[in-house]
Amino acid sequence: MIKTLSNIFKQDKEKFVIPRSVQQVIPIETIWSDGIFKIGRNKFARTYKFTDINYAVASKVDKETMFLEYMDLLNSFDCGGTTKITINNRRLNKVDFEKAILIPMQEDGLDLYRKEYNNMLLDKATSSNSMVQEKYVTVSCYKKTIEEARTYFARVTTELNSHFARLGSKCVEINGEDKLRILHDFYRTGEESGFHFDIQENMRKGHSFKDYICPDTFEFEKDYFRMGDRYGRVLFLREYASYIKDDMIAELTDMNRNLMLSIDVIPVPTDEAVQEVEKRLLGVETNITNWQRRQNEQQRKESKEFMDDLTTRDQRMMFGILTMVHTAESKKQLDADTETLLTIGRKKLCQFSVLKFQQMDGLNTALPIGHRKIPAVRTLTSESVAVLMPFRVQEIMDAGGIYCGENAISHNLIMCNKEKLLNPNSFLLGVPGSGKSFNAKMQIVFLA
């Protein structure tokens, strides 16, 4: 007997289910319009987008304050779930970017000047980094029903909003369509403007959402994969240095390439962590062989320091793993980018490695889906995870904004829409001949 589409695709007013037979490359079973995804047996995930803060240009005192606030955010993660922090580097879509920044023609005799101004903006945009960096937090948990998952995520949303607000950042929930758009823009680079997904219409027709986000082909090799016409590779942080600077993540994501870097954080309950450290201390104390005495002393010292972190310094024990996927237009370019990333890791005394025969699992781990297929986790404290600082510099690219210069850190255009500011007034300061009058006239032309 042949099954009909209505039997294969379960339909609901707000969710979309696909059969397990097609859940291979993207491990998503069900999507809901509010942004909750079911990614396994009783496992649900939700993604939040948070804005950047000016960490790279802050003073030393302000950096310490931001670091401690970020560590408090990590300590707030629930032990009943897994949290993934993702940094997404993607290239600006030229068509959408031009629609957002260029002055439309009015046919009033002044289009000549508008065209000249638009050419200046395009030259600035071409010479700039032209990369957008977005940051996400994906929380996953095991619940029996979607109602229980919604209750859990409602509580998580309140906590995340509170902690990100203290950092000076803003955290917002991502709905189902925007979540699919993130995956679509990664899988189909260069086709960003072609994403048009109506969940109700596709449910009615019995179509799978994967047809809209997956590339035409996927080919997984030993140490890389092909995704349509592009090449990709997944790396993971195998060995950590004794001391890591807080700018390592910023350097890794500073490449002018499409990439995603994810940090999986699995909190451990404090009582279980203390029991584990006590067992380790007891094992060291009972091992009194002479030739192992010096090594035991070092292990005893490290274990006691770890215990002090848990009991007196407000630290938590966590399991963590860092994965990164980057793509390129050719295999040669992919190999060159991989060597650059490995060199950055070695400069920081860390060792990155290419996943062998695990590229599909690594890809699903690096993307903000909620999966963790790579078991190479490392035992860390909250302070150690906080060193992997995802914040760098705040970007100002408002829709309908005025060109105000170039970001000194990211080298992207600064497009400010004064209508969104609390106080839209401004004043210009500078030495004679620095261009104050020209800058004022330029803003008048843009607003006229």
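Use the structure listed above.
Quick caveat, the model's predicted, so the values are computed rather than measured.

Let's talk about the overall build of the protein chain
Scanning the protein chain for helices and strands turns up 15 helices and 16 strands. Split into buried and exposed, the 448 residues of the protein chain put 48% on the buried side. Partitioning the contacts of the protein chain with sequence separation of at least 6, the portion at a separation of at least 24 is 73%. Carbon and sulfur atoms make up 51% of the accessible area of the protein chain, which totals about 23600 Å².

Observations regarding the packing of aromatic side chains
Counted by the stated rule, this structure contains eleven aromatic pairs. Measuring from ring centre to ring centre gives 5.2 Å for F218 and F220, while their planes differ by 15°; the resulting arrangement is stacked. You can call F220 partly exposed: its relative accessible area is 26%. These aromatic residues form a ring-pair network of at least three members: F186, Y187, F218, F220 and F225. Sitting over the face of the ring of Y55, K63 holds its NZ or CZ atom 5.5 Å from the ring centroid. Here K179 stacks its cationic end above the ring of F37, 4.3 Å away from the centre of that ring.

Let's talk about empty space enclosed by the protein
Tallied over the entire structure, the rule returns two cavities of 30 Å³ or more. There is about 90 Å³ of room inside the largest cavity. Lining the largest cavity are S76, F77, D78, G81, T83, V139, Y152, R155, V156, E159 and L160. Elements that contribute at least two residues to the lining of the largest cavity include exactly β5 (81-91) and α5 (146-167). Among the elements that line the lining of the largest cavity, the one with the most residues is α5, at five residues. Reported here for the second largest cavity is a volume of approximately 30 Å³. Of all the secondary structure elements, the ones that give two or more residues to the lining of the second largest cavity are β6 (131-142) and α9 (248-252).

Re the layout of surface pockets
Roughly 1600 Å³ of volume is contained in the largest pocket. Considering the residues around the largest pocket, the lining is formed by 50 residues, among which K49, R90, V132, E134 and M397 are closest to the centre. Within the residue set of the lining of the largest pocket, elements represented by two or more residues are β4 (43-50), β5, α3 (94-101), β6, β7 (171-173) and α6 (176-187). Broken down by element, the lining of the largest pocket gets its largest block of residues, six residues, from β6. Classifying every residue of the lining of the largest pocket gives 20 nonpolar, 13 polar and 17 charged.

Quick word on helix α2 (residues 60-75)
Counted at 1.5 Å a residue, the expected span for α2 with its 16 residues is 22 Å, and the 23 Å between its end C-alpha atoms agrees. Taken as a whole, α2 has its buried residues at M66, F67, Y70, M71, L73, L74 and N75. Buried residues along α2 sit in contact with β5, α5, β12 (317-328) and α14 (382-386).

Looking at unusual backbone geometry
If you check the backbone angles, N42 has positive phi at about 60° while not being a glycine. Judged by relative accessible area, which is 31%, N42 ranks as partly exposed. Positive phi is not limited to glycine here, since L349 has a value of about 65°. Locating L349 in the fold gives a position in the loop between α12 (331-347) and β13 (351-354).

Quick word on the pairing of strand β16 (residues 413-416)
Pairing between strand β15 (residues 402-406) and β16: three bridges, direction antiparallel. What sits directly across from I402, in β16, is C416.

What counts, and where the lines are drawn
- Residues numbered from 1 in each chain as written.
- Predicted model: local features only at pLDDT ≥ 70, side-chain atom pairs only at ≥ 80, totals over all residues.
- Heavy atoms only, no water.
- Helix = DSSP H or I, 4+ residues; strand = E, 2+ residues; numbered from the N terminus.
- Buried < 20%, exposed > 50% of the residue type's maximum accessible area, 1.4 Å probe, protein only.
- Contact = heavy atoms within 4.5 Å.
- Areas by Shrake-Rupley, 256 points an atom, 1.4 Å probe, with all protein chains shown as cover.
- Phe/Tyr/Trp six-rings, centres within 6.5 Å; stacked < 30°, edge-to-face > 60°.
- Lys NZ or Arg CZ within 6 Å of the ring centre and 35° of its normal.
- 1 Å grid on protein atoms, 1.4 Å probe; cavity = no way out; pocket = protein on both sides within 12 Å on 5 of 7 lines; lining within 4 Å.
- Points joined across faces, edges and corners; volume = space filled by probe spheres on them.
- Nonpolar A, V, L, I, M, F, W, Y, C, P; charged D, E, K, R; others polar.
- Expected span 1.5 Å × (residues − 1).
- Pairing = 2+ DSSP bridges.

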